[in-house]
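Working through the structure, step by step
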Amino acid sequence: MSDPYAIILGMYDKWNKFTHVCQTCDALIELTSKRVVREITCECGGKCVWLSQEPATITPTNEREQMETTSTYDANALVTYKSINNGEVTYPTLKVNELEYHLDSYRRLQDQLAISNGQISKILDNLSADGWYNPNYEKIEILNDLCEILGHEPKQTVRITGTISFEIDYDIPLEEVEDFDAHYFLQDTLTLDAYNGDVVVESWTVEDHDVDWNN
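Residues numbered from 1 in each chain as written. Predicted model: local features only at pLDDT ≥ 70, side-chain atom pairs only at ≥ 80, totals over all residues. Heavy atoms only, no water.

Secondary structure assignment for the protein yields four helices and seven strands. Ordered by position from the N terminus, the helices and strands of the protein form the series α-β-β-β-β-β-β-β-α-α-α. Residues classed as buried in the protein amount to 18% of the 215 residues present. Long-range pairs, those at least 24 residues apart, make up 37% of the contacts in the protein between residues at least 6 apart in sequence. (Helix = DSSP H or I, 4+ residues; strand = E, 2+ residues; numbered from the N terminus. Buried < 20%, exposed > 50% of the residue type's maximum accessible area, 1.4 Å probe, protein only. Contact = heavy atoms within 4.5 Å.)

Quick look at the structure:
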């Protein structure tokens, strides 16, 4: 009589490994099956996206208790997944790195939606007789509350005009001394920038200059 374990291996040595990711908790789930497994549900109850399918190698061991699957990560590998848009089911094919980008964008969108929903909930809580509709509430208090909820800092743009004094040392090549023009040199050489992200330098110009030839 043949070894029953060897018979099992003969039946299942062409299994495939399927990789999924949960859309709710981001869990990476791998399972091995002879069937095509494209739709599974995570333990958290979330739906999973099918990432890849590849052959799984089952290697018998002396203990006859272990199965080994081999795989390599290839960012350019093609992945086909199920997409449902307005009730229409399609099976787009993307590279692994493209799918990773879409999943990352989806996670960022989920985070932003959670923040926005929290802000909306706080605003609705204040739209009551005890809140902003209370006649004792001042307009400035309501505006301050809104800014705090939305994480917004109100600002006013102003135009500032000023004069800057400076001194620079420059080694002029002797062959250029006769035709040296300090005004054009400064205009072409100097720059005015700001280290504050809220400041925009609209324009600047060199109006006065003086050259000390005896320095």
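Right, let's talk about the nonpolar core for a bit. Counting nine residues, the largest nonpolar core consists of V21, V49, L51, V79, Y81, L94, V96, L99 and L103. Going through the elements one at a time, β3 (48–55) and α2 (96–126) are the ones with two or more residues in this core. A total of three residues in this core trace back to one element, the largest contributor, which is α2. For L99, the residues in contact, after removing those within four places along its chain, are W50, L51, V79, Y81 and L94. (Core = buried A, V, L, I, M, F, W, Y, C linked by side-chain atoms within 4.5 Å.)

Moving on: the sheet that holds strand β1 (residues 16–22). A sheet is described by the order of its strands in space; here three strands give the open sequence β2-β1-β3, paired in antiparallel fashion. Both edges of this open sheet fall to β2 (28–33) and β3, since each of them pairs with a single strand only. Averaged over neighbouring strand pairs, the angle between their axes works out to 25° when direction is ignored. With six bridges connecting them, β1 and β2 associate as antiparallel partners. By the bridge assignment, N16 is partnered in β2 with S33. (Pairing = 2+ DSSP bridges. Axes fitted to C-alpha atoms, helices over the stretch in contact; angles between N-to-C directions.)

With that out of the way, let us pick up the confidence of the model for the protein. The predicted model of the protein averages 81 in pLDDT, with 85% of residues at 70 or higher. No element of the protein has a lower mean pLDDT than helix α1 (residues 4–12), which averages 35, and none a higher one than helix α3 (residues 139–150), which averages 95. This model gives residues 1–12 a pLDDT under 50, and the stretch forms nine contacts once residues within four places in sequence are excluded. (pLDDT = per-residue confidence, 0-100.)

So, on to a negative patch on the surface. On the surface, E175, E176, E178 and D179 cluster together into a negatively charged patch. Mapping E175 onto the fold places it in the loop between α3 and α4 (182–189). (Patch = residues over 30% accessible without salt bridge, like charges linked within 9 Å, V, L, I, M, F, W, Y side chains within 5 Å. Areas by Shrake-Rupley, 256 points an atom, 1.4 Å probe, with all protein chains shown as cover. Salt bridge = Lys/Arg side-chain N within 4 Å of Asp/Glu carboxyl O. Lys, Arg positive; Asp, Glu negative; His and termini not counted. Charge placed at Lys NZ, Arg CZ, Asp CG, Glu CD.)

Our next topic: the packing of aromatic side chains. Tallying each qualifying case throughout the model produces four aromatic pairs. With 5.4 Å between their ring centres and 55° between their planes, F180 and F185 make a pair best called tilted. Using a relative accessible area of 18% as the deciding quantity, one classes F185 as buried. Residues F180 and W213 carry aromatic rings whose centres are separated by 6.3 Å and whose planes lie at 90° to one another, so their mutual orientation is edge-to-face. Of this pair, F180 sits in the loop between α3 and α4 while W213 sits in the segment after α4, placing them 33 residues apart in sequence. Ring pairs connect the aromatic residues Y170, F180, F185 and W213, which therefore count as one cluster. (Phe/Tyr/Trp six-rings, centres within 6.5 Å; stacked < 30°, edge-to-face > 60°.)

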